[in-house]
Amino acid sequence: MSRIVTIFGGSGFVGRYVARRLAKDGWRVRVATRDPNEAGVVRTYGEVGQVEPVACNIRDDASVAAAMDSADAVVNCVGILAEHRKNTFEAIHVDGAGRIARLAARAGIPSLVHVSAIGADPASDSDYLRTKGLGEAVVLAEMPDAVILRPSIIFGPEDSFFNRFARQSRFGPVLTVVGAETKFQPVYVDDIAQAASVALAGRAAPGIYELGGPDVRTFRELMEQMLRIIRRRRLIHNMSFGMARFIAGAFGVVQTVSFGLVRAPLTADQVRSLAHDNVVGKGARGFGELGVDPMATGAVLPEYLWKFRPHGQYEAITESARDLRV
(Lines give C-alpha, C1' and ligand atoms only; values in the text may rest on other atoms or scores of the structure.)
Protein backbone atom coordinates (compact mmCIF):
# COMPACT_ATOMS: atom_id res chain seq x y z
CA MET A 1 0.00 0.00 0.00
CA SER A 2 1.30 3.48 -0.91
CA ARG A 3 2.62 5.66 1.85
CA ILE A 4 0.82 8.91 2.64
CA VAL A 5 2.55 12.28 2.93
CA THR A 6 0.83 15.47 4.07
CA ILE A 7 2.26 18.66 2.56
CA PHE A 8 1.28 21.80 4.44
CA GLY A 9 1.29 24.68 1.99
CA GLY A 10 1.28 22.15 -0.83
CA SER A 11 -0.62 24.47 -3.17
CA GLY A 12 1.98 27.24 -2.86
CA PHE A 13 4.99 27.93 -5.05
CA VAL A 14 7.41 25.47 -3.42
CA GLY A 15 4.71 23.10 -2.22
CA ARG A 16 3.39 22.37 -5.71
CA TYR A 17 6.81 21.21 -6.88
CA VAL A 18 7.22 19.07 -3.78
CA ALA A 19 3.79 17.53 -4.37
CA ARG A 20 4.65 16.73 -8.00
CA ARG A 21 7.99 15.15 -7.04
CA LEU A 22 6.53 13.00 -4.29
CA ALA A 23 3.65 11.86 -6.50
CA LYS A 24 6.22 10.67 -9.04
CA ASP A 25 7.98 8.84 -6.21
CA GLY A 26 4.79 6.88 -5.60
CA TRP A 27 3.50 8.65 -2.50
CA ARG A 28 -0.16 9.30 -1.91
CA VAL A 29 -0.09 13.06 -1.47
CA ARG A 30 -2.39 15.03 0.78
CA VAL A 31 -2.12 18.77 0.06
CA ALA A 32 -3.16 20.75 3.15
CA THR A 33 -4.32 24.21 2.07
CA ARG A 34 -6.66 26.95 3.23
CA ASP A 35 -8.90 26.66 0.15
CA PRO A 36 -9.00 23.24 -1.57
CA ASN A 37 -11.32 24.63 -4.24
CA GLU A 38 -8.50 26.83 -5.53
CA ALA A 39 -5.93 24.03 -5.42
CA GLY A 40 -7.52 21.67 -7.93
CA VAL A 41 -4.46 21.78 -10.19
CA VAL A 42 -2.54 19.55 -7.75
CA ARG A 43 -4.87 16.65 -8.63
CA THR A 44 -3.18 16.48 -12.05
CA TYR A 45 0.23 15.70 -10.53
CA GLY A 46 -0.47 11.99 -10.17
CA GLU A 47 -2.88 9.21 -10.99
CA VAL A 48 -6.58 9.66 -10.29
CA GLY A 49 -7.01 10.07 -6.54
CA GLN A 50 -3.27 10.03 -5.80
CA VAL A 51 -3.02 13.75 -4.98
CA GLU A 52 -5.83 15.25 -2.94
CA PRO A 53 -6.22 18.79 -1.57
CA VAL A 54 -7.71 19.03 1.93
CA ALA A 55 -8.80 22.06 3.95
CA CYS A 56 -6.47 23.08 6.75
CA ASN A 57 -5.71 26.08 8.93
CA ILE A 58 -2.29 25.73 10.54
CA ARG A 59 -3.38 28.05 13.36
CA ASP A 60 -5.81 25.36 14.58
CA ASP A 61 -4.78 22.10 16.31
CA ALA A 62 -7.79 20.06 15.21
CA SER A 63 -7.41 21.14 11.59
CA VAL A 64 -3.71 20.23 11.50
CA ALA A 65 -4.26 16.88 13.22
CA ALA A 66 -7.00 15.95 10.76
CA ALA A 67 -4.81 16.83 7.78
CA MET A 68 -2.04 14.46 8.92
CA ASP A 69 -4.31 11.63 10.08
CA SER A 70 -2.77 8.25 9.07
CA ALA A 71 0.14 10.02 7.34
CA ASP A 72 3.58 8.43 7.18
CA ALA A 73 5.45 11.69 6.61
CA VAL A 74 4.92 15.44 6.73
CA VAL A 75 6.40 18.35 4.79
CA ASN A 76 5.90 21.93 5.96
CA CYS A 77 6.23 24.45 3.14
CA VAL A 78 4.18 27.21 4.78
CA GLY A 79 5.83 30.60 4.98
CA ILE A 80 5.07 34.28 4.43
CA LEU A 81 7.25 37.17 3.28
CA ALA A 82 5.08 39.87 4.84
CA GLU A 83 2.52 39.93 7.62
CA HIS A 84 -1.15 40.37 6.85
CA ARG A 85 -3.87 40.53 9.50
CA LYS A 86 -3.82 37.28 11.55
CA ASN A 87 -1.06 35.80 9.42
CA THR A 88 1.85 37.18 11.41
CA PHE A 89 5.41 35.86 11.36
CA GLU A 90 4.97 34.52 14.89
CA ALA A 91 1.69 32.78 14.05
CA ILE A 92 2.97 31.12 10.87
CA HIS A 93 6.72 30.59 11.27
CA VAL A 94 6.80 29.79 14.99
CA ASP A 95 3.40 28.72 16.29
CA GLY A 96 2.33 27.04 13.03
CA ALA A 97 5.61 25.21 12.55
CA GLY A 98 5.63 24.13 16.18
CA ARG A 99 2.04 22.93 15.98
CA ILE A 100 2.77 20.78 12.94
CA ALA A 101 5.85 19.23 14.56
CA ARG A 102 4.14 18.68 17.93
CA LEU A 103 1.10 16.98 16.45
CA ALA A 104 3.22 14.92 14.05
CA ALA A 105 5.30 13.69 17.00
CA ARG A 106 2.15 12.94 19.00
CA ALA A 107 0.75 10.95 16.06
CA GLY A 108 3.97 8.92 15.80
CA ILE A 109 4.81 10.17 12.30
CA PRO A 110 8.50 9.35 11.81
CA SER A 111 9.50 11.78 9.03
CA LEU A 112 9.25 15.57 8.89
CA VAL A 113 10.79 17.94 6.36
CA HIS A 114 10.60 21.61 7.28
CA VAL A 115 11.31 24.34 4.71
CA SER A 116 12.97 27.36 6.34
CA ALA A 117 15.32 29.98 4.87
CA ILE A 118 19.02 30.79 4.69
CA GLY A 119 19.79 33.34 7.38
CA ALA A 120 17.26 31.93 9.85
CA ASP A 121 18.47 33.09 13.25
CA PRO A 122 16.56 33.70 16.51
CA ALA A 123 18.85 36.71 17.09
CA SER A 124 18.31 38.32 13.67
CA ASP A 125 17.18 41.96 13.42
CA SER A 126 14.73 40.84 10.72
CA ASP A 127 11.43 39.53 12.08
CA TYR A 128 11.16 37.19 9.08
CA LEU A 129 14.56 35.59 9.73
CA ARG A 130 14.16 35.71 13.52
CA THR A 131 10.88 33.80 13.43
CA LYS A 132 12.27 31.37 10.87
CA GLY A 133 15.05 30.63 13.34
CA LEU A 134 12.63 30.26 16.25
CA GLY A 135 10.48 27.98 14.10
CA GLU A 136 13.44 25.69 13.42
CA ALA A 137 14.14 25.50 17.15
CA VAL A 138 10.58 24.46 18.07
CA VAL A 139 10.50 21.91 15.23
CA LEU A 140 13.74 20.29 16.39
CA ALA A 141 12.57 20.34 20.00
CA GLU A 142 9.51 18.29 19.03
CA MET A 143 11.14 16.14 16.32
CA PRO A 144 14.94 15.99 16.68
CA ASP A 145 15.22 13.77 13.59
CA ALA A 146 13.55 16.32 11.32
CA VAL A 147 15.29 17.51 8.14
CA ILE A 148 15.33 21.29 7.75
CA LEU A 149 15.91 22.83 4.32
CA ARG A 150 17.16 26.42 4.18
CA PRO A 151 16.93 27.73 0.60
CA SER A 152 18.34 31.02 -0.65
CA ILE A 153 16.15 33.15 -2.95
CA ILE A 154 13.98 30.74 -4.94
CA PHE A 155 13.47 31.00 -8.70
CA GLY A 156 11.17 29.20 -11.11
CA PRO A 157 8.32 29.93 -13.54
CA GLU A 158 5.96 31.20 -10.84
CA ASP A 159 8.53 33.00 -8.67
CA SER A 160 7.90 36.40 -7.12
CA PHE A 161 11.48 37.58 -7.57
CA PHE A 162 12.59 37.58 -11.22
CA ASN A 163 9.01 37.85 -12.48
CA ARG A 164 8.40 40.89 -10.29
CA PHE A 165 11.44 42.84 -11.45
CA ALA A 166 11.04 41.79 -15.08
CA ARG A 167 7.49 43.13 -14.94
CA GLN A 168 8.69 46.40 -13.43
CA SER A 169 11.32 46.80 -16.13
CA ARG A 170 8.59 47.32 -18.74
CA PHE A 171 7.74 50.70 -17.22
CA GLY A 172 10.37 53.39 -17.55
CA PRO A 173 14.13 53.48 -18.13
CA VAL A 174 15.14 52.93 -14.49
CA LEU A 175 14.90 49.76 -12.40
CA THR A 176 15.18 50.50 -8.67
CA VAL A 177 16.46 47.93 -6.19
CA VAL A 178 17.36 47.97 -2.50
CA GLY A 179 20.67 46.38 -1.49
CA ALA A 180 22.25 46.16 -4.94
CA GLU A 181 25.49 44.75 -3.50
CA THR A 182 23.81 42.14 -1.30
CA LYS A 183 24.78 38.63 -2.42
CA PHE A 184 22.31 35.87 -3.26
CA GLN A 185 22.67 32.24 -4.28
CA PRO A 186 19.44 31.56 -6.23
CA VAL A 187 18.06 28.04 -5.97
CA TYR A 188 15.73 26.40 -8.50
CA VAL A 189 12.41 25.47 -6.94
CA ASP A 190 12.43 21.90 -8.24
CA ASP A 191 15.86 21.32 -6.69
CA ILE A 192 14.27 22.06 -3.31
CA ALA A 193 11.55 19.54 -4.13
CA GLN A 194 14.22 16.98 -5.03
CA ALA A 195 15.94 17.63 -1.70
CA ALA A 196 12.66 16.96 0.12
CA SER A 197 12.25 13.76 -1.90
CA VAL A 198 15.73 12.59 -0.88
CA ALA A 199 14.98 13.33 2.78
CA LEU A 200 11.69 11.41 2.78
CA ALA A 201 13.37 8.48 1.06
CA GLY A 202 15.62 8.19 4.13
CA ARG A 203 18.77 9.19 2.26
CA ALA A 204 19.49 12.31 4.34
CA ALA A 205 20.79 12.53 7.88
CA PRO A 206 18.66 14.60 10.25
CA GLY A 207 19.51 18.28 10.67
CA ILE A 208 19.88 21.48 8.70
CA TYR A 209 20.81 21.78 5.01
CA GLU A 210 21.48 25.14 3.36
CA LEU A 211 20.43 25.11 -0.28
CA GLY A 212 21.97 27.45 -2.82
CA GLY A 213 22.50 27.11 -6.55
CA PRO A 214 25.86 27.21 -8.35
CA ASP A 215 25.72 30.99 -8.90
CA VAL A 216 26.64 33.51 -6.19
CA ARG A 217 25.80 36.98 -7.45
CA THR A 218 24.91 40.40 -6.15
CA PHE A 219 21.39 41.73 -6.51
CA ARG A 220 22.69 44.07 -9.22
CA GLU A 221 24.31 41.22 -11.14
CA LEU A 222 21.08 39.19 -11.01
CA MET A 223 19.13 42.14 -12.39
CA GLU A 224 21.71 42.62 -15.15
CA GLN A 225 21.36 38.95 -16.09
CA MET A 226 17.57 39.25 -16.11
CA LEU A 227 17.69 42.36 -18.32
CA ARG A 228 19.94 40.60 -20.83
CA ILE A 229 17.51 37.71 -21.04
CA ILE A 230 14.47 39.94 -21.59
CA ARG A 231 16.36 42.14 -24.08
CA ARG A 232 15.85 45.40 -22.20
CA ARG A 233 18.33 48.13 -21.36
CA ARG A 234 17.62 49.79 -18.02
CA LEU A 235 19.60 51.85 -15.54
CA ILE A 236 19.77 49.96 -12.25
CA HIS A 237 19.35 52.41 -9.39
CA ASN A 238 20.42 51.34 -5.91
CA MET A 239 18.09 52.96 -3.39
CA SER A 240 19.82 53.68 -0.08
CA PHE A 241 18.70 51.70 2.94
CA GLY A 242 17.74 54.93 4.68
CA MET A 243 15.41 55.99 1.89
CA ALA A 244 14.06 52.44 1.61
CA ARG A 245 13.21 52.41 5.32
CA PHE A 246 11.40 55.75 4.97
CA ILE A 247 9.36 54.57 1.97
CA ALA A 248 8.58 51.22 3.60
CA GLY A 249 7.39 53.05 6.72
CA ALA A 250 5.08 55.23 4.65
CA PHE A 251 3.63 52.19 2.89
CA GLY A 252 3.16 50.56 6.29
CA VAL A 253 1.05 53.49 7.47
CA VAL A 254 -1.09 53.29 4.33
CA GLN A 255 -1.60 49.56 4.84
CA THR A 256 -2.59 50.11 8.47
CA VAL A 257 -5.11 52.91 7.84
CA SER A 258 -6.64 50.93 4.96
CA PHE A 259 -7.07 47.91 7.30
CA GLY A 260 -4.90 45.83 5.00
CA LEU A 261 -6.82 46.57 1.81
CA VAL A 262 -3.73 48.26 0.38
CA ARG A 263 -0.75 45.91 0.66
CA ALA A 264 2.69 47.46 1.08
CA PRO A 265 4.98 46.49 -1.86
CA LEU A 266 7.99 46.92 0.43
CA THR A 267 8.12 46.48 4.20
CA ALA A 268 10.60 47.70 6.80
CA ASP A 269 11.40 44.09 7.66
CA GLN A 270 12.21 43.27 4.04
CA VAL A 271 14.60 46.21 3.99
CA ARG A 272 16.35 44.79 7.07
CA SER A 273 16.60 41.37 5.40
CA LEU A 274 18.12 42.89 2.26
CA ALA A 275 21.02 44.24 4.30
CA HIS A 276 22.35 40.70 4.80
CA ASP A 277 23.93 38.35 2.23
CA ASN A 278 21.76 35.34 1.44
CA VAL A 279 24.29 32.62 0.64
CA VAL A 280 25.23 29.17 1.94
CA GLY A 281 27.37 29.41 5.05
CA LYS A 282 30.91 28.09 5.17
CA GLY A 283 30.93 24.43 6.21
CA ALA A 284 27.15 24.06 6.00
CA ARG A 285 25.66 20.84 4.66
CA GLY A 286 23.84 21.34 1.36
CA PHE A 287 23.00 19.85 -2.00
CA GLY A 288 26.26 17.92 -2.11
CA GLU A 289 25.35 15.85 0.93
CA LEU A 290 21.89 15.25 -0.54
CA GLY A 291 23.23 14.07 -3.89
CA VAL A 292 21.44 16.83 -5.81
CA ASP A 293 23.12 18.73 -8.66
CA PRO A 294 21.46 22.18 -8.58
CA MET A 295 20.41 24.06 -11.70
CA ALA A 296 22.01 27.37 -12.66
CA THR A 297 19.87 30.45 -13.26
CA GLY A 298 21.08 30.72 -16.84
CA ALA A 299 19.67 27.29 -17.66
CA VAL A 300 16.17 28.10 -16.45
CA LEU A 301 15.41 31.85 -16.59
CA PRO A 302 15.06 32.08 -20.40
CA GLU A 303 12.37 29.39 -20.27
CA TYR A 304 9.91 31.67 -18.47
CA LEU A 305 11.17 35.25 -18.69
CA TRP A 306 10.75 35.41 -22.47
CA LYS A 307 7.24 36.83 -22.00
CA PHE A 308 8.78 40.08 -20.72
CA ARG A 309 10.76 40.70 -23.91
CA PRO A 310 9.55 43.62 -26.06
CA HIS A 311 8.05 41.20 -28.60
CA GLY A 312 7.48 38.27 -26.28
CA GLN A 313 7.66 34.89 -27.98
CA TYR A 314 8.36 36.58 -31.32
CA GLU A 315 11.52 38.33 -30.12
CA ALA A 316 13.86 35.85 -31.87
CA ILE A 317 11.99 36.27 -35.16
CA THR A 318 12.11 40.06 -34.81
CA GLU A 319 15.85 40.00 -34.11
CA SER A 320 16.43 37.81 -37.16
CA ALA A 321 14.44 40.17 -39.34
CA ARG A 322 16.67 43.07 -38.33
CA ASP A 323 19.67 41.20 -39.76
CA LEU A 324 18.10 40.60 -43.16
CA ARG A 325 19.77 42.30 -46.08
CA VAL A 326 17.56 43.46 -48.93
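Up top is the structure.
What you see is a predicted model, and the numbers here were worked out from it, not measured in a lab.

(A) How the structure looks around the sheet that holds strand β2 (residues 28-33). Spatial strand order, β3-β2-β1-β4-β5-β6-β11: seven strands in an open sheet with parallel pairing. A single partner strand is all that each edge strand has here, and the edge strands are β3 (51-55) and β11 (207-211). Ignoring which end each strand starts from, the neighbouring axes of this sheet average 20° apart. Along the sheet, helix α3 (residues 89-106) makes contact with β1 (4-8), β4 (73-76) and β5 (111-115), crossing β4 at roughly 175°. Against the sheet, helix α6 (residues 189-200) engages β1, β4, β5, β6 (147-151) and β11, with an angle of about 170° to β6.

(B) Quick peek at unusual backbone geometry. One non-glycine residue with positive phi stands out, namely S70, at about 70°. With respect to the element layout, S70 can be found in the loop between α2 (61-67) and β4. The exposure class of S70 is exposed, given its relative accessible area of 54%.

(C) Molecular detail of the pairing of β4. Burial along β4 is two-sided: A73 and V75 and V74 and N76, pointing in opposite directions, are all buried. Examined bridge by bridge, β4 and β5 share four bridges and lie parallel to one another. Bridge pairing links V75 to V113 in β5. What joins β4 to β5 is α3, and the crossover it makes is right-handed.

(D) Spotlight on the side chain of R16. Topologically, R16 is positioned in helix α1 (residues 13-24). Here S11 takes part through its backbone oxygen, which lies 2.8 Å from a polar atom of the side chain of R16. Apart from residues no more than four positions distant in its own chain, R16 is found in contact with G10, S11, V41, V42, Y45 and E158.

(E) Geometry of the nonpolar core. In this structure, V29, L149, F162, M223, M226 and L305 are the most contacted members of the largest nonpolar core, which totals 67 residues. Among the elements that make up this core, the one with the highest residue count is α6 (eight residues). Look past the residues within four positions of F162 in its chain and what remains in contact with it is F155, L222, M223, M226, L301, Y304 and L305. Of all hydrophobic cores here, the second largest spans 27 residues; its members include A67, V74, I80 and A97.

(F) Region of interest: the pattern of salt bridges. Taken as a whole and judged by the stated rule, the model has eleven salt bridges. In this structure, the salt-bridge partner of E136 is R150, at a minimum N-O distance of 2.7 Å. In this pair, E136 sits in helix α4 (residues 127-142) while R150 sits in strand β6, placing the two residues 14 residues apart along the sequence. The buried category is assigned to R150, whose relative accessible area is 12%. R272 is paired through a salt bridge with D269; the nearest N and O atoms lie 3.2 Å apart. With a gap of three residues between them, R272 and D269 both fall in helix α9 (residues 268-273), about one helical turn apart.

(G) Spotlight on helix α7 (residues 219-229). Listed as buried for α7 are F219, L222, M223, Q225, M226, L227 and I229. Its buried side turned inward, α7 meets α5 (162-168), β8 (174-178), β9 (183-184), β12 (217-218), β13 (235-239) and α11 (297-305).

(H) Region of the structure containing the packing of α7 against α11. Closest axis-to-axis distance for the α7/α11 pair is 10 Å, and the angle between their directions is 50°. Considering the angle they form, α7 stands oblique to α11. The handedness of the crossing between α7 and α11 comes out as right-handed. Facing α7, whose interface residues are Q225, M226 and I229, α11 presents T297, G298, L301, P302 and L305. The residue makeup of the contact of α7 with α11, split by class, is five nonpolar, three polar and no charged.

(I) Main features of α11. When we look at burial in α11, the residues that qualify are T297, V300, L301, Y304 and L305. In an axial view of α11, the angular spread of the buried residues amounts to 110°, which keeps them on one side of the axis. The inward-facing, buried residues of α11 contact β7 (154-155), α5, β10 (187-188), β12 and α7.

(J) Main features of the side chain of N163. Within the fold, N163 resides in helix α5. Note on N163: relative accessible area 4%, which makes it buried. Not counting the four nearest positions on each side in its chain, N163 is found in contact with G156, P157, E158, Y304, L305, K307 and F308.

(K) Broad picture of the packing of aromatic side chains. As enumerated under the stated definition, the model contains ten aromatic pairs in all. Ring geometry for F13 and Y17: centres 6.1 Å apart, planes at 90°, overall edge-to-face. One end of the pair is F13 and the other is Y17, both in helix α1 and four residues apart, which spans about a single turn. On the accessibility criterion, Y17 (8% relative accessible area) is buried. Between F155 and Y188, the aromatic rings sit 5.6 Å apart at their centres with planes inclined by 35°, giving tilted as the arrangement. Of this pair, F155 sits in strand β7 while Y188 sits in strand β10, placing them 33 residues apart in sequence. Clustering of aromatic rings is evident, with ring pairs tying together F155, F161, F162, F165, F184, Y188 and F219. Sitting above the plane of the F165 ring, R164 keeps its charged end 5.6 Å from the centroid.

Criteria and thresholds
- Residues numbered from 1 in each chain as written.
- Predicted model: local features only at pLDDT ≥ 70, side-chain atom pairs only at ≥ 80, totals over all residues.
- Heavy atoms only, no water.
- Pairing = 2+ DSSP bridges.
- Helix = DSSP H or I, 4+ residues; strand = E, 2+ residues; numbered from the N terminus.
- Axes fitted to C-alpha atoms, helices over the stretch in contact; angles between N-to-C directions.
- Contact = heavy atoms within 4.5 Å.
- Buried < 20%, exposed > 50% of the residue type's maximum accessible area, 1.4 Å probe, protein only.
- Right-handed = clockwise from strand over helix to strand, strands pointing away.
- Polar contact = N/O pair within 3.5 Å; in protein donor to acceptor, adjacent residues only side chain to side chain.
- Core = buried A, V, L, I, M, F, W, Y, C linked by side-chain atoms within 4.5 Å.
- Salt bridge = Lys/Arg side-chain N within 4 Å of Asp/Glu carboxyl O.
- Parallel < 35°, antiparallel > 145°, perpendicular 65-115°, else oblique.
- Left-handed = near helix turned anticlockwise from the far one by under 90°.
- Nonpolar A, V, L, I, M, F, W, Y, C, P; charged D, E, K, R; others polar.
- Arc of directions from axis to C-beta.
- Phe/Tyr/Trp six-rings, centres within 6.5 Å; stacked < 30°, edge-to-face > 60°.
- Lys NZ or Arg CZ within 6 Å of the ring centre and 35° of its normal.

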